[in-house]
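# Structural overview
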Amino acid sequence: MQRINQIFIDGALVTPHGTELFDLYNPAKAEVIGQVQLADATDAERAIAAAKRAFPAFSRSSKESRIALLRRMAAQVRARVEDLTEALVTEYGAPVSRAGWMAHHAVNVLEDAANVLENYSFTYRAGTADVIMTPLGVAGLITPWNSNAGFICGKLAAALAAGCTAVVKPSEMSAMQTQIVMEALNAADIPPGVVNIVTGRGEVVGAVLSSHPDIAKVSFTGSSAVGKGILKAGAETFKRITLELGGKSPAVVLDDADLNVAVDQALQAGFTNSGQACIAGTRILVPEHMAANFAARVKTAVAGIQSGDPHDPQTQIGPMVSQKQWERVQRYIRLGQEEGATLLAGGEGRPDGTGNGWFVRPTVFADVHNDMTIAREEIFGPVLSIITYQTEEDAIRIANDTLYGLQAYVLSSDLARAQRVASQLEAGRVAINGAPHEPAAPFGGFKQSGIGREYGKNGMEAFLEPKAVLVPR
Ligand code: NAD
């Protein structure tokens, strides 16, 4: 049993003032594997005070010193990539191949921010005025359990690049990842108070961050319901707020798509991160006349997808993070059948031989109508819906008929046509034919998938305020 009892405040690893103990699980075995001592509101206040003290000097620090700082942080996190990979598999259930990517992602986001900073000018001329991009103040950064380490590092990277100091509230369910990140950052020679990490409950520590007058900016990744509460709480003090929320992303298969690759690409987009991904392509839109062929290929392909032990390199789908999440996914699989969709692959229950772990059978429904609950609500598990369409216009209409707008996918053999369709989709990002993540490009949602953008120049500017100095010239 691992016992975690540290938080990071004012440049030191300290024991929290809070005393509540929270169980940590191995989702592959549904077993308690550790406990974390949670921070409380007093800890959150201390962290904010430390970040506030550090802000005046840090906000005036040179670009070069911040680039060097981000690179030191990246080097220290890189030195812990193996530990982080193991924690991601053990504590979150990420399949080992995916966990390795996620651990490196935590390093890459720090390097990427250093690169953005290298090419960024904090001042520019607008007519006769000098515009100075000015750091906002103390940032409150709140992360979810899926890829917690990557979100901590990514949000910190953008905030620090801009010259803000920060208090991070990581997910309480991911304390092992957070401990490794804290130890790495503690070794990175960060000026005291610039980074503070306070693991506690959302409704306690998160609530302090989203309402405290000394927090100028909140950047949140998580569910739409909590995001809405943060927006309301922040209104009182007019906080700048970035929200990265849920999705119900369409994967539009055009009628010229090569099904030899499109089926796998659509399934990969849908089952990414065991389906526990905000960007998962969970609605697969297929031309009506190709539906039977597509469904037959999907059935064969899903039969070959291994859902089980995340340490096995052959595993593509790991367990759900918690009992609650497992039950939620089961409920949607039941609901899909009750609503009249055809169960093409998977179904309720656990895959064979997976014991008590929170494993789900990779599930695909056919004959789904876009107004069924399984096509409208974010399930956050490996459950996909195939929806048919008649014409390209019809496909675009169905793709956009959702409250969300985070990501979309287009599959076609004609790149120009795919780009034309992409331009009509209401989504913050559209990936054509399995294109990989691009860290220089903005990431974030249209509609109820969020507010603002992360990554690249846009991500850093979310922590800056333009100040125009009018000069008689
Ligand atoms: P969640 O909203 O339950 O929790 C996210 C974080 O908010 C956690 O740290 C939690 O402790 C904290 N929190 C909870 N209540 C709070 C409150 N009242 N005030 C302040 N903070 C509070 O989300 P989750 O279950 O951890 O993550 C899954 C959700 O995250 C999904 O909906 C998914 O789509 C979304 N997500 C979005 C993105 C994106 O980039 N758009 C990425 C990953 C996950």
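What you see is a predicted model; the values in this text were computed from it and never measured. (Residues numbered from 1 in each chain as written. Predicted model: local features only at pLDDT ≥ 70, side-chain atom pairs only at ≥ 80, totals over all residues. Heavy atoms only, no water.)

On to the sheet that holds strand β21 (residues 464-470). Here we have three strands laid out as an open sheet, ordered β6-β7-β21, and antiparallel in their pairing. The strands lining the two open edges of the sheet, one partner per strand, are β6 (123-126) and β21. If you compare each strand with its neighbour and ignore which way they point, the axes differ by 30° on average. Pairing of strand β7 (residues 129-135) with β21 involves seven bridges; the strand directions are antiparallel. (Pairing = 2+ DSSP bridges. Helix = DSSP H or I, 4+ residues; strand = E, 2+ residues; numbered from the N terminus. Axes fitted to C-alpha atoms, helices over the stretch in contact; angles between N-to-C directions.)

Near the ligand, the surroundings consist of 28 residues, among which T143, K169, S223, L245 and E378 are the closest. G222 is positioned such that a nitrogen or oxygen atom in its backbone is 3.3 Å from an oxygen atom of the ligand. Between a nitrogen atom of the ligand and a main-chain N or O atom of L245, the distance comes to 2.7 Å. Protein coverage of the free-state accessible area of the ligand, which is 850 Å², stands at 85%. Listing elements by their share of the shell around the ligand, those giving two or more residues are α7 (202-211), β11 (215-221) and α8 (224-235). When residues of the shell around the ligand are assigned to their parent elements, the largest contribution, four residues, is made by α7. For the shell around the ligand, the per-class residue count stands at 14 nonpolar, nine polar and five charged. Looking at the shell around the ligand, you find at least three residues from each of domain 1 (2-245 + 448-469) and domain 2 (250-438). (Near = heavy atom within 4 Å. Polar contact = N/O pair within 3.5 Å; in protein donor to acceptor, adjacent residues only side chain to side chain. Areas by Shrake-Rupley, 256 points an atom, 1.4 Å probe, with all protein chains shown as cover. Nonpolar A, V, L, I, M, F, W, Y, C, P; charged D, E, K, R; others polar. Domains from an automatic or database assignment.)

This part takes up a nonpolar patch on the surface. Nonpolar side chains collect at one region of the surface, where M1, Y25 and V32 lie side by side and expose about 320 Å² of accessible area between them. Among the secondary structure elements, M1 is positioned in the segment before β1 (2-4). (Patch = residues over 30% accessible without salt bridge, like charges linked within 9 Å, V, L, I, M, F, W, Y side chains within 5 Å. Salt bridge = Lys/Arg side-chain N within 4 Å of Asp/Glu carboxyl O.)

If you look at the biggest cluster of nonpolar residues, it comprises 72 residues, and the most contacted ones within it are L70 and L160. Top element by residues in this core is helix α4 (residues 96-118). It accounts for 11 residues. Residue contacts for L160: discarding those within four places in its chain leaves F58, R66, L69, L70, M73, V194 and V195. Grouped together as the second largest cluster of nonpolar side chains are 32 residues, W358, A408, V421 and I432 included. (Core = buried A, V, L, I, M, F, W, Y, C linked by side-chain atoms within 4.5 Å. Buried < 20%, exposed > 50% of the residue type's maximum accessible area, 1.4 Å probe, protein only. Contact = heavy atoms within 4.5 Å.)

So, on to the UniProt feature "domain: Aldehyde dehydrogenase" (unreviewed entry) in the protein chain. Per the UniProt record, "domain: Aldehyde dehydrogenase" (unreviewed entry) is found at residues 18-469. Secondary structure across residues 18-469 divides into 42% helix and 21% strand, with the first and last C-alpha atoms of the span separated by 45 Å. (UniProt positions renumbered as here; feature names shortened; annotations may be inferred.)

Another point: the domain arrangement of the protein chain. Assigned domains within the protein chain: domain 1 (2-245 + 448-469) and domain 2 (250-438). Counting residues at the interface gives 27 residues for domain 1, matched by 32 residues for domain 2. Among the residues domain 1 hides against domain 2, the three largest losses belong to P95, W145 and S449. Together they make up 21% of the total. Summed over the shared surface of domain 1 and domain 2, the number is zero salt bridges. For the pair domain 1 and domain 2, the number of links is nine residue pairs in polar contact (both at pLDDT 80 or more). Those elements that provide at least two residues to the side of domain 1 that touches domain 2 are α3 (81-92) and α4. With five residues, the top contributor of residues to the side of domain 1 that touches domain 2 is α4. Classifying every residue of the side of domain 1 that touches domain 2 by side-chain character gives 14 nonpolar, eight polar and five charged. (Buried area = accessible area lost by both parts, 1.4 Å probe.)

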